[in-house]
Amino acid sequence: MSKSDKPLFSHHEHALEKAYEVCPECGSELSIKRGKSGPFWGCGNFPTCSYTRATIEHERVDDQELPGSECPLCSSVLAVKQGRYGMFIGCSNYPTCHHIEHEAQHEATDIACPSCKKGHIKERQSRFGKTFYACDAYPKCKFAVNHEPVQGNCQHCGFTLLLKRNMASGEKLQCGSKKCSEFQK
């Protein structure tokens, strides 16, 4: 094959031509679009047609029952399931029973909430995986701190919660009140 007998388009262009897809709802061309969650296939006839599809199809994991486990609400077997936010353990009798096993929440040495005085401070995880400590009476009480709480009174203002801080000079205690925030001696 001489240089003049070269095909008009390369192998790569030919592969792109095969990737052309049609919208199953309206018959228009699908194209790859970008969204906040990444790329996806979207209908070219948008906004008239709002068909979308993920670019990568993820495998669905079937529910796997956990032998010897029992739902505390309906006594059915618990199962490992895949949900919107990842894997979790829930009742196999869903949708009749909505029980979900939550990770054990760590209580920070049973410290009473200094704000509402009814709840207790518990360790929580933000949606980004960062640890913080908040009152378990949420949403009525919105008290929260970013550092591990310690029972004690501030020497400056008398606030009933101190925070354990790891500083370059070592571990120090700081007042848990946002107005004071003084380090203890």
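Scoring rules and cut-offs
Residues numbered from 1 in each chain as written. Predicted model: local features only at pLDDT ≥ 70, side-chain atom pairs only at ≥ 80, totals over all residues. Heavy atoms only, no water. Pairing = 2+ DSSP bridges. Helix = DSSP H or I, 4+ residues; strand = E, 2+ residues; numbered from the N terminus. Axes fitted to C-alpha atoms, helices over the stretch in contact; angles between N-to-C directions. Core = buried A, V, L, I, M, F, W, Y, C linked by side-chain atoms within 4.5 Å. Buried < 20%, exposed > 50% of the residue type's maximum accessible area, 1.4 Å probe, protein only. Contact = heavy atoms within 4.5 Å. Salt bridge = Lys/Arg side-chain N within 4 Å of Asp/Glu carboxyl O.

**Q** Please clarify how the sheet that holds strand S13 (residues 149-151) should be interpreted in this entry.
**A** In a beta sheet, neighbouring strands are held together by backbone hydrogen bonds and run either parallel or antiparallel to one another. Across the sheet, three strands lie side by side as S13-S14-S15; this open sheet has antiparallel pairing. Every other strand in the sheet has two partners, leaving S13 and strand S15 (170-175) as the edge strands with one partner each. Strand-to-strand twist across the sheet, computed as the mean angle between neighbouring axes with direction ignored, equals 40 degrees. Both S13 and strand S14 (residues 161-167) contribute to a ladder of three bridges, which runs antiparallel. Along S14, the bridge assignment pairs Gln-151 with Leu-161.

**Q** For this particular structure, what's the right way to read the sheet that holds strand S6 (residues 78-83)?
**A** One open sheet holds the four strands; their spatial order is S5-S6-S7-S8, and the pairing between them is antiparallel. The open sheet has two edge strands with one neighbour each: strand S5 (64-65) and strand S8 (100-101). Direction of pairing for S5 relative to S6: antiparallel, over a ladder of two bridges. Bridge pairing links Gln-64 to Val-80 in S6.

**Q** Is there a simple way to think about the nonpolar core in this case?
**A** Looking at soluble globular proteins, one finds that nonpolar side chains tend to be buried together. With 10 residues, the main nonpolar core is built from Ile-111, Cys-113, Ile-121, Tyr-133, Cys-135, Cys-141, Phe-143, Val-145, Leu-161 and Leu-163. Listing elements by their share of this core, those giving two or more residues are strand S11 (131-135) and S14. In contact with Leu-161, other than residues within four places in its own chain, are Ile-111, Pro-114, Phe-143, Pro-149, Val-150, Gly-152, Gln-174, Cys-175 and Gly-176. By size, the runner-up hydrophobic cluster in this structure holds six residues, among which are Cys-23, Leu-30, Trp-41 and Cys-43.

**Q** When you look at the pairing of S6 in this model, what are you seeing that I'm missing?
**A** Looking down a regular strand, the side chains alternate between one sheet face and the other. Bridging between S6 and strand S7 (residues 86-91) involves six bridges; their strand directions are antiparallel. Paired with Ala-79 across the strands is Gly-90, a residue of S7.

**Q** Please clarify how unusual backbone geometry should be interpreted in this entry.
**A** The phi torsion of most residues other than glycine is negative, and most of the peptide bonds are trans. Backbone torsion omega between Phe-46 and Pro-47 reads 10 degrees, so that peptide bond is classified as cis. Along the chain, Pro-47 falls in the loop between strand S3 (38-43) and strand S4 (52-54). For the peptide bond that leads from Tyr-138 to Pro-139, omega is 15 degrees, which places it in the cis range. Positionally, Pro-139 belongs in the loop between S11 and strand S12 (144-145). Phi angles above zero are rare outside glycine, and Ser-181 is one such case at about 55 degrees. With respect to the secondary-structure elements, Ser-181 resides in the segment after S15.

**Q** Would you take a moment to explain the pattern of salt bridges for this structure?
**A** Two side chains with opposite charge may pair up if their charged atoms get near one another. Considering all chains together, one arrives at two salt bridges under this definition. The shortest N-O distance in the salt bridge between Glu-148 and Lys-164 comes to 3.8 Å. With Glu-148 in the loop between S12 and S13 and Lys-164 in strand S14, the pair connects residues that are 16 residues apart, well separated along the chain. Taking the relative accessible area as the measure of exposure, Glu-148 reaches 36% and is therefore partly exposed. Judged by its relative accessible area of 29%, Lys-164 is partly exposed.

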